[in-house]
Amino acid sequence: SVESRYEAQPALRASFQRVQPYLGLVALLSLLVASVGVAQIVAAWLAQTVKDTAILRCLGMSPRELLALYLGHVLVLGLLGSAIGASVGAFAPWAIARAQPMMLPPELLSAGFDWLVVARAFALGVLVPVLFSLPALLAVHRVPPGRVLRTDAEPLPVPRRVQALALAAAILALVGATYLQTEAWDITLAFSAGFAALAGVNALVAQGLVRSLDGLRSASLPAWLWHGAAALRRPGSAALGSMVALGLGTTVVLSMQLLQDTLDRDLAAALPRDAPSLFLLDVQPDQWPELERLARAAGATRTDSVPVTMARLTAIDGSTVDKLVKQRTRDMNTRSQWVLTREQRITWGAQLPPDNRLVEGALWTRPDVSEVSIEQNFARDLGVKLGSVLDFDLQGVPLSFTVTSVRTVEWRSFAANFFLVVEPGVLEEAPHVRLGTVRIAQERERALQDTLASTFPNITVLRVRDLAERALAVLQQAALAVRVLGGFALVTGIAILVGAVAASGTRRVREAAVLRALGVGRAQIARLLAVEFALRGGVAGVLGAGGAYGLTYACSRFVLELEARPDWRACVVALAVVMALAVAGGLLASARALFVLPISVLRRPL
């Protein structure tokens, strides 16, 4: 028979099923980062059109009509951008499969073109940025008609009802988009709250760092550095939004890189020096002496074997497995259903393996019952405790065991370990096979494998080193997919920075013209701008690197329980890269300001 990953054990099936919404959330994060940036660009754009807005107010347009007018601008751009994005995304899998056939599963392409997925992506691309822009669009309410004649006219208040509706629309966009990606309310609420908290912390820290620049005195800093710092505080700079968006993108990409690196190092360290090289399955008891002799002759330095028998669990403390499965089906506990119905592998022995540690009870001290020692996590999944009675069916023979001890197992030792260990003297006569382990030099593994395959065709040989390398390759491939999707968040942050700079292009052109008229050369202006963008990128890099390190440390330490810590040097590299990208993107968006003739700008009316 052939089993694919869809017929794997429930724990593996659940892991595979979590991949799709997880990657979907990473992709959604790029859209949310872009939406935050769109809101900031809209705010910068409206700041440049205050005079036009005031003229329209004088001509009789109400704030509601102006809101609809500017919202229409944002909606048209959202429609165009989402149409392009949905088209590219629809055909990207075929392009990737053509370039790298092993990166995508065949069933993804054989399923055909899914218009529903494209339509959902298009709708998300339009609605989320537009709804996120509503709070920024409320600036039209604050423009007084008198601004046409008086530049110092006091801004008007925004009705609280309008503010509440705009905020509710942004929250609805966040929660609704997340639910469409996950279709699970617990994940939706957790992700929405996490994104809001992360964005809020980034915004508060960025705002605090920018405000701290007010305490800098121009006399204590070089002119170019003071000018760049002051540029972050000027009205309409959209510095806060671009730094938050770029920081979020950095957090996504860097946290994935740090987590992958931590997993790689932990996996490399998890293979002990004395770990077995080969696992031998389905060894018949009478085959082991000859197999051990062949392994020793081939150069093996260590050989071990343990007996294994197979049995089905039938009841726990008098409650049948069928009854327990029905109960847990109602509770939607898939793993606990599987541990009840799986075929249990049981071993026996006078002592526990050296990497097992008792945490409750004692070993083989009760003469009145048949004792079994159970692994701690397995006991929790089964719902048993000390004194529980486990009934088994061993090939038609009923057996009962009492749980007299609970133990922990160091699974990363790669030794032969089991969930259930029975006291000696009970199962020796039961039909069983042996599980063997062999320690041998790497260059001799394949030769021994060939010898065992020809001598004992019934034995399955597993090479631990190959399995570890395959596991590492799978992790690296999954991490590549996440980093590619996370890279969109970083690119989005750079695009937002460029957009914010472009939205204030008129003001920058005039500032550059004034500086040119005062005798400042293009190279000096470019240096002033580079300092401003480097500071933006530096603040975003600090936010992103700090957030990524904290998230990775918490995830690896408390969720994955890894010993290895994230590499802080990657954070330093990320900070430098983000600063360089911010400078390059900002100068590219400001190129027109560097080459315009001062006279052509200064003659224009304000």
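For clarity, every value in this text was computed on a predicted model and none was experimentally measured.

Caption draft 1: Looking closely at the pairing of strand 4 (residues 343–348). The sheet contact formed by strand 2 (residues 302–316) and strand 4 spans four bridges and is antiparallel. In the sheet register, M310 faces strand 4, and the bridge partner there is R345. In terms of strand pairing, strand 4 meets strand 9 (residues 420–422) through three bridges, oriented parallel. Directly across from I346, in strand 9, lies its bridge partner L420.

Caption draft 2: Structural detail: the packing of helix 3 (residues 63–99) against helix 5 (residues 115–137). Helix 5 packs onto helix 3 with a crossing angle of 150 degrees between their chain directions and a minimal axis gap of 8 Å. Relative to helix 5, the element helix 3 lies roughly antiparallel. Helix 5 is crossed by helix 3, and the crossing has right-handed handedness. Contacts between helix 3 and helix 5 pair L67, Y70, L71, V74, L75, G78, L79, S82, A83, A86 and A90 from the former with V118, F122, G125, V126, V130, S133, L134 and L137 from the latter. A class-by-class count of the residues in the contact of helix 3 with helix 5 yields 15 nonpolar, four polar and no charged.

Caption draft 3: Just unusual backbone geometry, in detail. Of note, the phi angle at D317 is positive, near 50 degrees, even though the residue is not glycine. Within the element layout of this structure, D317 appears in the loop between strand 2 and strand 3 (319–320). Looking at D317, the relative accessible area reads 45%, which means it is partly exposed. Positive phi, normally seen in glycine, also occurs at W364, with a value near 55 degrees. Along the chain, W364 turns up in the loop between strand 5 (356–361) and strand 6 (371–375).

What counts as what
- One numbering rule holds for all chains: residues counted from 1, following each sequence as written.
- Only residues with pLDDT of at least 70 are given local features in this predicted model, and only at 80 or more are side-chain atom pairs given and counted; all residues enter the totals for whole chains, interfaces and linings.
- To obtain the side-chain values, all non-hydrogen atoms of the structure were included, while hydrogens and water were left out.
- By this definition, two strands are paired if DSSP reports at least two bridges between them.
- Here a strand is any run of E in DSSP of at least two residues, a helix any run of H or I of at least four, and the numbering for each starts at the N terminus.
- Only C-alpha atoms enter the line fits that serve as axes; for helices the fit covers just the stretch in contact. Angles between N-to-C directions range over 0 to 180 degrees.
- Note on angle classes: values under 35 degrees are labelled roughly parallel, values over 145 roughly antiparallel, values of 65 to 115 roughly perpendicular, and the remainder oblique.
- Here is the rule for handedness: rotate from the far helix to the near one, and if that takes an anticlockwise turn smaller than a right angle the crossing is left-handed, while a clockwise turn gives right-handed.
- By the convention used here, residues are in contact when the closest approach between their heavy atoms is within 4.5 Å.
- When residues are grouped by polarity, Ala, Val, Leu, Ile, Met, Phe, Trp, Tyr, Cys and Pro land in nonpolar, Asp, Glu, Lys and Arg in charged, and all others, Gly among them, in polar.
- The buried label applies to any residue whose accessible area, calculated with a 1.4 Å probe on protein chains only, is under 20% of its type's maximum; exposed applies above 50%, and partly exposed to all values in between.

Scope: geometric values only; no functional claims are made or implied.
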